[in-house]
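# Structural overview
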Amino acid sequence: MTTRAALFVRAIRDPILLILIGVLFAVQQAGILPVSRTWPLLLIVIGFLKLIERLAAPRPSYPNPNWGAQSR
Amino acid sequence: MNCYLHPDAPAVAYCRMCGRALCTVCTRPAEGTIFCPEHVPLNPYAAPVGSAVANPVAAPVQTSPGLAFLLGLIPGVGAIYNGQYIKGLVHAIIFGLLISLTSASDGSAAQPLLGMLIAVFYCYMPFEAYHTAKKRQIGVPVDEWSSLLSQRGYAGRAPVGPILLIVIGVLFLLDTLHLIDFRDIARFWPVILIVLGAYMLYSRLSGPTPHRPPEPQAPPPSRPPEDALEARNDH
Amino acid sequence: MNSRSSLAGPLILIAIGGLFLAHTISPGFDLERWIADYWPYILVAWGGILLLEIAIRFLRGAPLPLKPVSAGGWLAAIVICIAGSLTHFAHRHDFWWHHAGWVEGVRIFGQEHDYVIAPLQKTVGPAPHVILESFHGSAKVGGIDGNTVTVTGHKAIRSFDAHEADAANAATPVSLALEGNTVVIRCKQERFQAHTPVRADLEIQVPKAASVEAAGAQGDFDISSLTGDVDLKNRGGSMHIDNIGGGVSIEGHHSDIIRCSGVKGPMTVRGDGNDLELDGISGPVSIAGRYLGTLLLHQLTQPVEISNFHTNFHAQRVDGEMRLTSGDLNAEDLVGPVRLATHATDVKLNGFTGTLDVSVDSGDVELAPRHLPLAGMTVHTRSGDIELTLPAGASFTLTAFAARGDVRNEFGAALHEHSEGRGTRLEGGVGGGPQITLMTGSGNITVRRADVATPSGAPGTERAVGFFPQ
């Protein structure tokens, strides 16, 4: 996986969310399930996309150079 | 303390890698934290969304931190004052959710806890708005999701955030689809406190583990920086 | 690389323009209903186009945007969601927006010209069959003494100039023809609907013993005081039917409100719509359709049957009132045998008699029979609480089982509880009366006596927000 793949996943997050919101409301209009029952799908999809993004290119964490320094 | 490159400019931040003092011209924000021009990572993926990557130092903005504080008393408006619209919406949503959860848990032991959370969050919002406004006033660039809590990378450890989001989403979905009853699971909410405490315990006992060894440098300053505007939480 | 350079905006703008253009060209194309039904697809299309663009950029190696949807874009999306949801509600019968003329505001081009329909009258037999052929508009049909059929009313024609309107008026005469015992009223609007929408609002008087068959669209129908049968088909309007001696058959699509009262014959209601109210029906009633609003039954003296994809209901009589909304069923004084099978609904039955068979997938059930003697009851819910309040002096044999929950015996010593596996069972009885069986897969069961004051409040029926246990 490359950082470019991670950038791609991040870039498509917005459009995918737009589509999902549209689909949830369309399902509500069709009388199948109201949005008040399907909204957690949004959380799941956001989390899922963030997960893939994180797996594609994990962000390094940096040490704090002052850990262990004497405090006054 | 003055900048290591400009001896007569006051320091506004310290490099995450080497700890050297930086003035407003020299700070290089990346990955939610600040570096000196030598150590700023060149990885294009490193730029946090919404930050001024092409323009590493933000021009100081005319803000009034006092006004930000007052506006922060209205949920979401503090962040809107600082131009962080989505964050304002998220603050308002969190606040609304806390209120509705508190009233829904009438009679349950969770209600006082939620009440305290409301109080804590309500106090957090104006302070966070105040500090963000102050940063912008001095010229420290802030991105959309700045907060008083520090942002830590999670390399090598599990990506907690997304997994948590997915788990919560699945739980809520199973409840709204009436496949499970949230009330059954919600009985076990104190487990969250225990897990949180255990996690904090573990992370402090095992000590901070640097993912990359710092490059050989002049020894870091011997006293911790005092008025670093960058958030620190290693207390 | 940001949302400004995306093609989505212009494409959607063109599509919206095309939609309004289609409506102008052929006003038969019901634009408001189309917007109200299909607006979410704007978001789907927008997201889809963006997705496609980003995928293409990725494959080409071009830089990818960091923020495909700007903050303003999200704001627009939120506004679309709010506005779209409002159009959904704006079609409800009593929404104030409807009366404020928003519906007409969509058709902003052209002016409306009003024409009076010259009265038509024909002499007929005492019990003719009156057919009102499909047309756009409203009709009010009333039964009177005598043996004539009279048609009056007026037309509203929308066009750009008066000449076109006059021509359209001349070309769509309302005709009243007598063919044997059948009277046919025609509005002949089809040819002109294309560019000059014609709407006819008719007032028709028929002999009391007539039977009426009518079909219409976008209008309200009001039929009353007949002893014959009524057969009504309507799209997107409301229907009021009152005082009919024969049977009534209704087929509505996207109907606003359907209100029937004083019908002596059998009633059949099909289709989908918002609200449905039946009051004082002396014939058997059969309802098959999706009513997203409120279904209200009051004083039905014959068996009533409701069947749609999430609820099946049958009762012998409705002496009191039954109200069914999506998620709640409240009924007073049902007469059994009562059978109910539904998915996610909270059920509350007060004062029912006769046997009861309730099966709910997820929802709370509250039963309070008031009249003695009791008859058998079977209540199953897969997830939800069951609360039964028995009247004093009742004679019954009770078996209650909560597979994962508590059983609360507030009735007294006649019932005994013991745990069984992970659940609790409550058994007992008074006077060896009919069998009452209460079962829940996950939830609590409470059995109490009507004359015993209980300190606890009603169990929460707000399933959506009641996360935490009491």
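About the criteria used
Residues numbered from 1 in each chain as written. Chains lettered and ligands numbered in written order. Predicted model: local features only at pLDDT ≥ 70, side-chain atom pairs only at ≥ 80, totals over all residues. Heavy atoms only, no water. Helix = DSSP H or I, 4+ residues; strand = E, 2+ residues; numbered from the N terminus. Buried < 20%, exposed > 50% of the residue type's maximum accessible area, 1.4 Å probe, protein only. Contact = heavy atoms within 4.5 Å. Areas by Shrake-Rupley, 256 points an atom, 1.4 Å probe, with all protein chains shown as cover. Patch = residues over 30% accessible without salt bridge, like charges linked within 9 Å, V, L, I, M, F, W, Y side chains within 5 Å. Salt bridge = Lys/Arg side-chain N within 4 Å of Asp/Glu carboxyl O. Arc of directions from axis to C-beta. Phe/Tyr/Trp six-rings, centres within 6.5 Å; stacked < 30°, edge-to-face > 60°. Lys NZ or Arg CZ within 6 Å of the ring centre and 35° of its normal. Buried area = accessible area lost by both parts, 1.4 Å probe. Polar contact = N/O pair within 3.5 Å; in protein donor to acceptor, adjacent residues only side chain to side chain. Nonpolar A, V, L, I, M, F, W, Y, C, P; charged D, E, K, R; others polar. pLDDT = per-residue confidence, 0-100. Pairing = 2+ DSSP bridges.

### A few points about the overall build of chain B
Scanning chain B for helices and strands turns up 7 helices and 4 strands. Mapped in sequence order, the helices and strands of chain B form the string β-β-β-β-α-α-α-α-α-α-α. Counting the 235 residues in chain B, one finds 35% classified as buried. For chain B, the proportion of contacts with a sequence separation of at least 24, taken over those separated by at least 6, is 48%. Looking at chain B as shown, the accessible area adds up to about 13000 Å², and 69% of this sits on carbon and sulfur atoms.

### Some points on the overall build of chain C
Check the secondary structure of chain C and you find 7 helices and 31 strands. Here chain C holds 470 residues, and 45% of them are scored as buried. Considering only contacts in chain C between residues 6 or more positions apart, those separated by 24 or more positions represent 45%. Carbon together with sulfur atoms contributes 57% to the accessible area of chain C, which is approximately 21000 Å² in total.

### Considering the environment of C:Val365
Residue and element names in this part refer to chain C. Mapped onto the fold, Val365 is located in strand β23 (residues 365-368). Separated by 21 residues in sequence, Val365 and Ile386 place their C-alpha atoms 4.8 Å apart. When neighbours within four sequence positions are excluded, Val365 is seen to be in contact with Val347, Val358, Val360, Val379, Asp385, Ile386 and Glu387.

### Describing a nonpolar patch on the surface
Together, B:Leu89, B:Ile93, B:Leu97, C:Ile78, C:Ile82 and C:Leu86 make up a nonpolar patch on the protein surface, roughly 510 Å² of accessible area in all. Broken down by secondary-structure element, the contributors of at least two residues to the nonpolar patch are α3 (85-104) of chain B together with α4 (71-90) of chain C. By secondary structure assignment, the location of B:Leu97 is in helix α3.

### Regarding helix α7 (residues 162-171) of chain C
All names here are of chain C. For α7, every residue scored as buried is listed here: Ala165, Ala168 and Ala171. Projection of α7 onto a plane perpendicular to its axis shows the buried side chains occupying an angular sector of 130 degrees, all on one side. Those residues of α7 that are exposed and aimed more than 90 degrees away from the buried face are His163 and Ala170. On its buried side, α7 packs onto β1 (111-123), β3 (148-159) and β6 (198-207).

### Quick notes on the pattern of salt bridges
Throughout the structure, instances matching the rule amount to 18 salt bridges over all chains. Two residues, C:Glu387 and C:Arg448, come together in a salt bridge whose shortest N-O distance is 2.5 Å. Here C:Arg448 lies in strand β31 (residues 445-449) and C:Glu387 lies in strand β25 (residues 386-390), a separation of 61 residues in the sequence. Across the pair, exposure class does not vary: C:Glu387 and C:Arg448 are buried alike. Taken together, the shared-partner salt bridges in this structure form one network comprising A:Arg10, A:Arg13 and A:Glu53.

### Section: the packing of aromatic side chains
The description of an aromatic ring pair uses the distance of the two centres, along with the angle that the planes make with each other. All names here are of chain B. One pass over the full model with this rule turns up 10 aromatic pairs over all chains. When the ring of Phe95 is compared with that of Tyr122, the centres are 5.7 Å apart and the planes differ by 40 degrees; the resulting orientation is tilted. Of the two residues, Phe95 is situated in helix α3 and Tyr122 in helix α4 (residues 110-138); the sequence distance between them amounts to 27 residues. The structure contains a cluster of three or more aromatic residues connected by ring pairs, namely Phe69, Phe127 and Tyr130. The ring of Tyr4 has Arg20 sitting right over it, with the charged end atom 4.1 Å from the ring centre.

### Concerning the interface of chain A and chain C
Listed per partner, the contact involves 22 residues of chain A and 32 residues of chain C. At the boundary of chain A with chain C, total buried surface from both sides reaches about 2200 Å², with 74% on carbon and sulfur atoms. Among the residues chain A hides against chain C, the three largest losses belong to A:Arg4, A:Leu18 and A:Gln29. Together they make up 31% of the total. Joining chain A to chain C, the criterion identifies 0 salt bridges. Where chain A meets chain C, there are 1 residue pair in polar contact (both at pLDDT 80 or more). No other element matches the 19 residues that helix α1 (residues 3-29) of chain A contributes to the side of chain A that touches chain C. Considered class by class, the residues forming the side of chain A that touches chain C number 15 nonpolar, 3 polar and 4 charged.

### Let's talk about the confidence of the model for chain C
Residues and elements named next belong to chain C. Within chain C, residue pLDDT values average 83, and 88% of them lie at 70 or more. Per-residue pLDDT, averaged within each element of chain C, yields its smallest value for helix α6 (residues 102-105) (40) and its largest for β23 (94). Confidence drops under a pLDDT of 50 for residues 92-106, and excluding neighbours within four residues, the segment shows 25 contacts in the predicted structure. Two summary scores accompany this predicted model of the complex, namely pTM at 0.50 and ipTM at 0.81.

### Observations regarding the pairing of strand β14 (residues 295-300) of chain C
Residue and element names in this part refer to chain C. Across 5 bridges, the pairing between strand β12 (residues 267-281) and β14 is parallel. Directly across from Glu277, in β14, lies its bridge partner Leu296. Alignment of β14 against strand β17 (residues 317-325), held across 5 bridges, turns out to be antiparallel. Counterpart to Leu295 in the pairing with β17 is Leu324.

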